[in-house]
Amino acid sequence: MNHNDMLQLKKTITMPDALAEELVQGCAQPQKRHTRARFSSLAASMIAVFALLLSGTTSYAYNIYQEYTLAVFWEKDLSTSDIDRLGQTLADIDGISSCRFISGDEAWAEFSAAYLDADTAASFTENPLANSGNYRLSVSLQADTDEIRAKIADLTGVRLVQNLKEMD
């Protein structure tokens, strides 16, 4: 709207002359640039980008610590070669990110360190978990854990498939 249009509009509106003159002067002057608004939108954009990066890193760390860990126990009468074959079969299942063998001695060491004091653990003359060797499997979050557990349970020689959280 140019200056002449503003004067024309001023004549058609009923208002005090001082207010009308102030309106014309305010609209006719060149507008100042508002750098503060530009700065605040830039700051808001930077904060949004930082928040997105932070949430992406947090979810990545969350995924690392939220992998499911399964313990696969086998039948007592399996031979060493059958146990090794079972471990290879478990490692080859899609969705398994790691497969680690835990011997009965290692299972006892972990259990006694976590739940027994040194005197109580020393009072055992033989390993009560000698037949509790197992494979510890890490299942990635993208995998269907129930489907993987069903596949493992169907394998020959598997006695029990258990989520480590269920064991606590």
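Residues numbered from 1 in each chain as written. Predicted model: local features only at pLDDT ≥ 70, side-chain atom pairs only at ≥ 80, totals over all residues. Heavy atoms only, no water.

**Some points on the sheet that holds strand E4 (residues 158-163)**
Moving on, step 1. One open sheet accounts for 4 strands, arranged E2-E3-E1-E4; its pairing is antiparallel. The sheet terminates laterally at strand E2 (96-102) and E4, the two strands that pair on one side only. Averaged over neighbouring strand pairs, the angle between their axes works out to 20° when direction is ignored.
Moving on, step 2. One ladder, built from 6 bridges, connects E2 with strand E3 (residues 134-139); its direction is antiparallel. What sits directly across from Arg100, in E3, is Arg136.
Moving on, step 3. Lying on the sheet, helix H4 (residues 80-91) is in contact with strand E1 (68-74), E2, E3 and E4; it crosses E3 at an angle near 5°. (Pairing = 2+ DSSP bridges. Helix = DSSP H or I, 4+ residues; strand = E, 2+ residues; numbered from the N terminus. Axes fitted to C-alpha atoms, helices over the stretch in contact; angles between N-to-C directions. Contact = heavy atoms within 4.5 Å.)

**Some thoughts on the nonpolar core**
Moving on, step 1. Within the largest apolar cluster, 17 residues are counted, with the highest numbers of intra-cluster contacts made by Val72, Leu90, Tyr135, Leu137, Ile148 and Ile152.
Moving on, step 2. Those elements that provide at least two residues to this core are E1, H4, E3, helix H7 (145-153) and E4. (Core = buried A, V, L, I, M, F, W, Y, C linked by side-chain atoms within 4.5 Å. Buried < 20%, exposed > 50% of the residue type's maximum accessible area, 1.4 Å probe, protein only.)

**Remarks on H4**
Moving on, step 1. The end-to-end C-alpha distance of H4 is 17 Å, a good match for the 16 Å that 12 residues give at a rise of 1.5 Å each.
Moving on, step 2. Within H4, burial applies to Ile83, Leu86, Gly87 and Leu90. Angular distribution of buried residues about the axis of H4 spans 100°; they occupy a single face of the element.
Moving on, step 3. On its buried face, H4 sits against E1, E2, E3, H7 and E4. (Expected span 1.5 Å × (residues − 1). Arc of directions from axis to C-beta.)

**A closer look at the pattern of salt bridges**
Moving on, step 1. Scanning the model with the defined rule gives 4 salt bridges in all.
Moving on, step 2. As a salt-bridge pair, Asp82 and Arg85 come within 2.7 Å of each other at their nearest N and O atoms. Placement of both Asp82 and Arg85 in helix H4 is noted, with a separation of 3 residues, approximately one turn of the helix.
Moving on, step 3. With relative accessibility at 28%, the residue Asp82 sits in the partly exposed group.
Moving on, step 4. Accessibility expressed as a relative area gives 49% for Arg85, which makes it partly exposed. (Salt bridge = Lys/Arg side-chain N within 4 Å of Asp/Glu carboxyl O.)

**A look at the side chain of Asn127**
Moving on, step 1. Relative to the helices and strands, Asn127 resides in the loop between helix H6 (118-122) and E3.
Moving on, step 2. Classification of Asn127 as buried rests on a relative accessible area of 19%.
Moving on, step 3. A distance of 3.1 Å separates polar atoms of two side chains, one belonging to Asn127 and the other to Asp105.
Moving on, step 4. Not counting residues within four places of it along the chain, the set of residues in contact with Asn127 comprises Gly104, Asp105 and Trp108. (Polar contact = N/O pair within 3.5 Å; in protein donor to acceptor, adjacent residues only side chain to side chain.)

**A short note on the packing of aromatic side chains**
Geometrically, a pair of aromatic rings is defined through the distance of the ring centres and the angle of the planes.
Moving on, step 1. The final tally for this structure, using the stated rule, is 6 aromatic pairs.
Moving on, step 2. Measuring from ring centre to ring centre gives 5.8 Å for Trp74 and Phe101, while their planes differ by 10°; the resulting arrangement is stacked. With Trp74 in strand E1 and Phe101 in strand E2, this pair connects stretches of sequence that are 27 residues apart.
Moving on, step 3. Judged by centre distance (6.0 Å) and plane angle (25°), the ring pair of Trp108 and Phe111 falls under stacked. (Phe/Tyr/Trp six-rings, centres within 6.5 Å; stacked < 30°, edge-to-face > 60°.)

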